[in-house]
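# Architecture at a glance
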Amino acid sequence: MQFDGERRIAIIREVDAGTPPRQLLRADTWAPAEADRDFLGYFPVDALRLAAEMVWEVYQAALAVRKRGGHHAAA
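Residues numbered from 1 in each chain as written. Predicted model: local features only at pLDDT ≥ 70, side-chain atom pairs only at ≥ 80, totals over all residues. Heavy atoms only, no water.

On to the sheet that holds strand β3 (residues 22–29). Taking strand neighbours across the sheet as the criterion, the four strands line up as β1-β2-β3-β4 in an open arrangement whose pairing is antiparallel. Strand pairing shows two members of the sheet lacking a second neighbour, β1 (2–4) and β4 (39–44), which therefore form its edges. Here the strands of the sheet are splayed against their neighbours by 20 degrees on average, with no regard to which way each runs. Helix α1 (residues 48–67) rests against β1, β2 (7–17), β3 and β4 of the sheet, and its axis sits at about 140 degrees to β2. (Pairing = 2+ DSSP bridges. Helix = DSSP H or I, 4+ residues; strand = E, 2+ residues; numbered from the N terminus. Axes fitted to C-alpha atoms, helices over the stretch in contact; angles between N-to-C directions. Contact = heavy atoms within 4.5 Å.)

Written as structure tokens, this is what we have:
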């Protein structure tokens, strides 16, 4: 789970993806129901910091859009 203060913003978890399957990190926006989460990307399993930084950038961009009066699923 990734947070902004106490607000959940994303979930980053290990998954098996591809053919043949290999272990990767999958990043999704946070929503209580999995069906409501937006896919952000796959990352090498040893790149948790990179995944977290990318999630933070997407979240910050979504906040900027929201402040300008638009909306974005990641925030």
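Here the narrative resumes.
Before going further, it helps to spend a moment on α1. Taking 1.5 Å of rise per residue, the 20 residues of α1 would be expected to cover 28 Å, and the 29 Å separating its terminal C-alpha atoms lies within 8% of that figure. Among the residues of α1, those classed as buried are Ala-51, Val-55, Tyr-59, Ala-62 and Leu-63. Projected down its long axis, α1 shows its buried positions confined to an angular sector of 110 degrees, all on one face. Exposed residues pointing more than 90 degrees away from the buried face of α1 are listed as Arg-49, Glu-57 and Lys-67. The inward-facing, buried residues of α1 abut β1, β2, β3 and β4. Looking at the residues trailing α1, positive phi occurs at Gly-69, about 100 degrees. (Expected span 1.5 Å × (residues − 1). Buried < 20%, exposed > 50% of the residue type's maximum accessible area, 1.4 Å probe, protein only. Arc of directions from axis to C-beta.)

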